[in-house]
Amino acid sequence: MVGETCCPKCGAELAEGRVVAGRKELGRENVSICRDCAEVLILSESATGLAIRAATVSEYFGLPEESQTLLRVAFELIKRPRRQSRMVRQLN
Ligand SMILES: [Zn+2]
């Protein structure tokens, strides 16, 4: 297992076998999202292997609208458990 498939923000392992979870071919960039911290990630393949880094805000807004929508949906799904627990606290 190569170490380059970990989230650069929280260190979560993103790879499932040879496939990076949530990986999508979005234009010229490969975009993924960390299932642990919902960080939007840019994947790039080079001669030295796969590199993953966090997407900048301008990169995110430079994506096609459809891609942004997909990432927003994924973000909501990942963040949902935490948001629910916060709502529970507000009710108490
Ligand atoms: Zn992460």
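Residues numbered from 1 in each chain as written. Predicted model: local features only at pLDDT ≥ 70, side-chain atom pairs only at ≥ 80, totals over all residues.

Tell me what's going on with the environment of Gly-11, and back it up with residues and numbers.
The topology assignment puts Gly-11 in the segment before strand E1 (15–16). For Gly-11, a count of 12 C-beta atoms within 10 Å puts it in the exposed group. For the pair Gly-11 and Cys-34, spaced 23 residues apart in the sequence, the C-alpha separation amounts to 9.4 Å. (Helix = DSSP H or I, 4+ residues; strand = E, 2+ residues; numbered from the N terminus. Buried ≥ 20, exposed ≤ 12 C-beta atoms within 10 Å, placed from the backbone.)

Let's hear about unusual backbone geometry: which residues, and what values?
You will see that Ala-38, though not glycine, has its phi angle at about 65°, which is positive. Residue position: Ala-38 is located in the loop between strand E4 (29–33) and strand E5 (40–46).

An account of the environment of Leu-50 is needed here, citing residue identities and associated values.
Note that Leu-50 resides in strand E6 (residues 49–54). Considered as a pair, Leu-50 and Thr-5 are 45 residues apart in the sequence and their alpha carbons are 7.3 Å apart.

Tell me about the confidence of the model for the chain, residues and numbers included.
Averaged over the chain, the pLDDT score is 77; the fraction of residues at 70 or greater is 66%. Helix H1 (residues 57–61) holds the highest mean pLDDT among the elements of the chain, 92, whereas strand E2 (residues 19–20) holds the lowest, 50. (pLDDT = per-residue confidence, 0-100.)

Please give an account of the nonpolar core that cites residues and values.
A general feature of soluble globular proteins is that nonpolar side chains tend to end up buried together. Counting residues in hydrophobic clusters, the biggest one holds 10 residues: Cys-7, Leu-14, Val-31, Ile-33, Cys-34, Val-40, Leu-41, Ile-52, Ala-55 and Leu-71. Counting residues per element, the ones that place at least two in this core are E4 and E5. (Core = buried A, V, L, I, M, F, W, Y, C linked by C-beta atoms within 7 Å.)

With reference to specific residues and values, describe the pairing of E5.
For a regular strand, the rule is simple: side chains alternate between the two faces of the sheet. Two strands pair when backbone bridges link them, and E5 and E6 are joined in this way by six bridges, in the antiparallel orientation. Across the sheet, residue Leu-43 finds its bridge partner in E6, namely Ile-52. In this antiparallel pair of consecutive strands, E5 and E6, the connection spans two residues. (Pairing = 2+ DSSP bridges.)

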